[in-house]
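Here is what each chain is made of, one letter per residue.
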Amino acid sequence: MKKRFTTFLIAVATVFLSSLLSFGQAAQPSQNGAGVSTQPDAINDKDVELLRANLRENRKELMAQNMTLTADEATKFWPIFDQYRQEAIKPNDERWALIKEYAANYDTMTDAQAQDYLKRAAAVDQELLALRLKYVPAFQKVISAKKTALWYQIDRHIDLMINLQLSSIIPLVNASK
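Please read these numbers as outputs of a predicted model, since none were measured by experiment. Numbers given to residues run from 1 along each chain, matching the order in which its sequence is written. With pLDDT at 70 or above as the cut-off, local features in this predicted model cover only qualifying residues; side-chain atom pairs require 80 or more to be listed or tallied, and sums for whole chains, interfaces and linings still use all residues. The side-chain values count all of the structure's non-hydrogen atoms but skip hydrogen atoms and water molecules.

A. Layout of the side chain of arginine 95. Helix and strand definitions here come from DSSP, where helices need a minimum of 4 consecutive H or I residues and strands a minimum of 2 consecutive E residues; each element is numbered from the N-terminal end. Its place among the elements puts arginine 95 in helix 3 (residues 71-105). A simple rule labels every residue: compare its accessible area, found with a 1.4 Å probe on the protein chains alone, to the largest value its type can have, and call it buried under 20%, exposed over 50%, or partly exposed in between. With a relative accessible area of 15%, arginine 95 lands in the buried category. For the purposes of these results, a polar contact is taken to be a pair of N or O atoms within 3.5 Å, where, inside protein, one atom must be able to donate a hydrogen and its partner to accept one; residues adjacent in sequence count only when each atom of the pair is a side-chain atom. Polar side-chain contacts of arginine 95 include one of 2.3 Å to the side chain of aspartate 125. Apart from the residues lying within four places of it in its own chain, the contact partners of arginine 95 are Val124, Asp125, Leu128 and Asn163. Only heavy atoms enter the contact rule, under which two residues are in contact if any of them lie within 4.5 Å.

B. Expanded view of the confidence of the model for the protein chain. By definition, pLDDT measures how confident the predictor is in each residue, and it falls between 0 and 100. Counting all residues, the mean pLDDT for the protein chain is 81, and 75% of those residues have values of 70 or more. Low pLDDT (under 50) marks residues 19-41, which in the prediction has 42 contacts with non-local residues, meaning those over four places away or in another chain.

C. Representation of the side chain of threonine 148 in the model. Relative to the elements of secondary structure, threonine 148 occurs in helix 5 (residues 145-169). Those residues in contact with threonine 148, other than ones at most four positions away along the chain, are Val136, Phe139, Gln140 and Ile143.

In structure tokens form, the structure reads like this:
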């Protein structure tokens, strides 16, 4: 089990690192010392959509590789999974819009904008958690509680990896201004 989990983590890291590294190549280093551009034009909407499509595809592939589903379970699991991921698009749209807005306002951010950013970022996190919890009973109707817990863990780990990669390319708030 440890070997399988390690393989899973390596696969997730590799997939997301390669996706995000190619995504990050569109950004030019800034003068803020963080190594990322704070200019909103550095990464365009098309690049973001391509990245997000890649992440969705890779998420499903990683899930398939790590869920041990019987044929009967799979025919019931995947439609629910697809519905769940479809519902996750809206809060993730909000997250990407927030990141883009943050980048556009990075150099001129006011205290009011920082407060708004905090509230909106927390709301997106809560919305995604609530969505994941909403689907636990639906999954438990078609797969065991243990397999549902495995789905939850894999999905959460993927989100954590994405968030880790995003945090590595998004500069911290410049509180000295």
